[in-house]
Every structure is written in C-alpha cells, then in structure tokens.
Amino acid sequence: GAIPTPIVDTMLLHKVVQPDLPHGLAYLGSILTDIHRWKRGDPGVNARSDRELWIYNALDVAVTATIFPILLRLAVKHEVGGIRPEALRAMMGNFP
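Residues numbered from 1 in each chain as written. Predicted model: local features only at pLDDT ≥ 70, side-chain atom pairs only at ≥ 80, totals over all residues. Heavy atoms only, no water.

A.B. asks: Would you mind going over the layout of surface pockets with me for this structure?
C.D. replies: Gaps between atoms show up when a probe of the same size as a water molecule is rolled over them. The space that makes up the largest pocket amounts to roughly 160 Å³. Lining the largest pocket, in full, are H36, W38, P43, N46, A47, R48, E52, L53, I55, Y56 and L59. Listed by contribution, the elements that provide at least two residues to the lining of the largest pocket are α3 (43-46) and α4 (50-78). The element that contributes the greatest number of residues to the lining of the largest pocket is α4, accounting for five residues. A per-class count over the lining of the largest pocket returns seven nonpolar, two polar and two charged. (1 Å grid on protein atoms, 1.4 Å probe; cavity = no way out; pocket = protein on both sides within 12 Å on 5 of 7 lines; lining within 4 Å. Points joined across faces, edges and corners; volume = space filled by probe spheres on them. Helix = DSSP H or I, 4+ residues; strand = E, 2+ residues; numbered from the N terminus. Nonpolar A, V, L, I, M, F, W, Y, C, P; charged D, E, K, R; others polar.)

A.B. asks: Just to check I follow, could you spell out the pattern of salt bridges for this structure?
C.D. replies: It is possible for side chains of opposite charge to pair when their charged atoms get near one another. What the rule picks out here adds up to one salt bridge. Salt-bridge contacts for R48 lead to E52; the nearest nitrogen and oxygen are separated by 2.8 Å. Judged by relative accessible area, which is 29%, E52 ranks as partly exposed. (Salt bridge = Lys/Arg side-chain N within 4 Å of Asp/Glu carboxyl O. Buried < 20%, exposed > 50% of the residue type's maximum accessible area, 1.4 Å probe, protein only.)

A.B. asks: Mind showing me how you'd approach helix α2 (residues 25-32) here?
C.D. replies: Helical geometry: 3.6 residues make up each α-helical turn, so side chains three or four residues apart lie on a common side. Along α2, the residues that are buried comprise L25, L28 and G29. In an axial view of α2, the angular spread of the buried residues amounts to 100 degrees, which keeps them on one side of the axis. (Arc of directions from axis to C-beta.)

A.B. asks: Would you take a moment to explain the nonpolar core for this structure?
C.D. replies: The nonpolar side chains of a soluble globular protein tend to be buried with one another. Counting 13 residues, the largest nonpolar core has L13, L25, W38, V63 and I67 as its most contacted members. Of all the secondary-structure elements, those providing two or more residues to this core are α1 (10-17), α2 and α4. Setting aside anything within four residues of it in sequence, one finds W38 in contact with L25, A26, G29, P43, Y56, L59, D60 and V63. (Core = buried A, V, L, I, M, F, W, Y, C linked by side-chain atoms within 4.5 Å. Contact = heavy atoms within 4.5 Å.)

A.B. asks: I tried to follow the packing of α2 against α4 on my own but got confused; where do I start?
C.D. replies: Each pair of packed helices gets described by two things: the angle between the helix axes and the distance between those axes. Interhelical geometry of α2 versus α4 gives an angle of 65 degrees and a closest axis separation of 10 Å. As α2 runs across α4, the sense of the crossing is left-handed. Contacts between α2 and α4 involve L25, L28, G29 and L32 from the former and D60, V63, T64, I67, I70 and L71 from the latter. Grouping the constituent residues of the contact of α2 with α4 by class yields seven nonpolar, two polar and one charged. (Axes fitted to C-alpha atoms, helices over the stretch in contact; angles between N-to-C directions. Left-handed = near helix turned anticlockwise from the far one by under 90°.)

In structure tokens form, the structure reads like this:
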C-alpha cells in the first residue's frame, strides 16, 4: 500500500510562525534568502518565452526549498500554533 508523507505549506507555516508579516513568496524570498528579486510584474503570465517561464518557476522552487527549513526551525524554536515540535522535527528530516 501507499505510505503518505507529510506535506507542509510554507505560506501557512509562515502565517503561524510570523502572523503579523506579509506571507507572499516574494516577500519571504527577500527577507530569508539572497536570491535576486524575480517576481517583478507578473512573469508567470507575461513570460516572453518558455525559457523565461522555466527560469521563473525554477526560482519559485529554489526559494521555497530555501525558506522551508528556516521556517521549520522557527516553528520548532517558538513552539507556535499548537504544532508539536517533535512532529516538525520529524518533517525536517535531513534539513540543518
């Protein structure tokens, strides 16, 4: 049979960890990573080529992958939102 794995939504996790701050990926990328600003305008709709769209999507994935362990560490540290720290630690797996 199939064994389900935990899924964590980084935006929902950020709402729990830092509820008073904006929660968009562009904002989180700007404060938690050193990745350049990639969400000017609406590149997901206005891409001039498939390559531009692929780069835009790859940057979304890279930023999400970068902020995920940071948000998990914050949630564990502050034991926020009724989330059990041991459950978050289990989700962290090999994340530092």
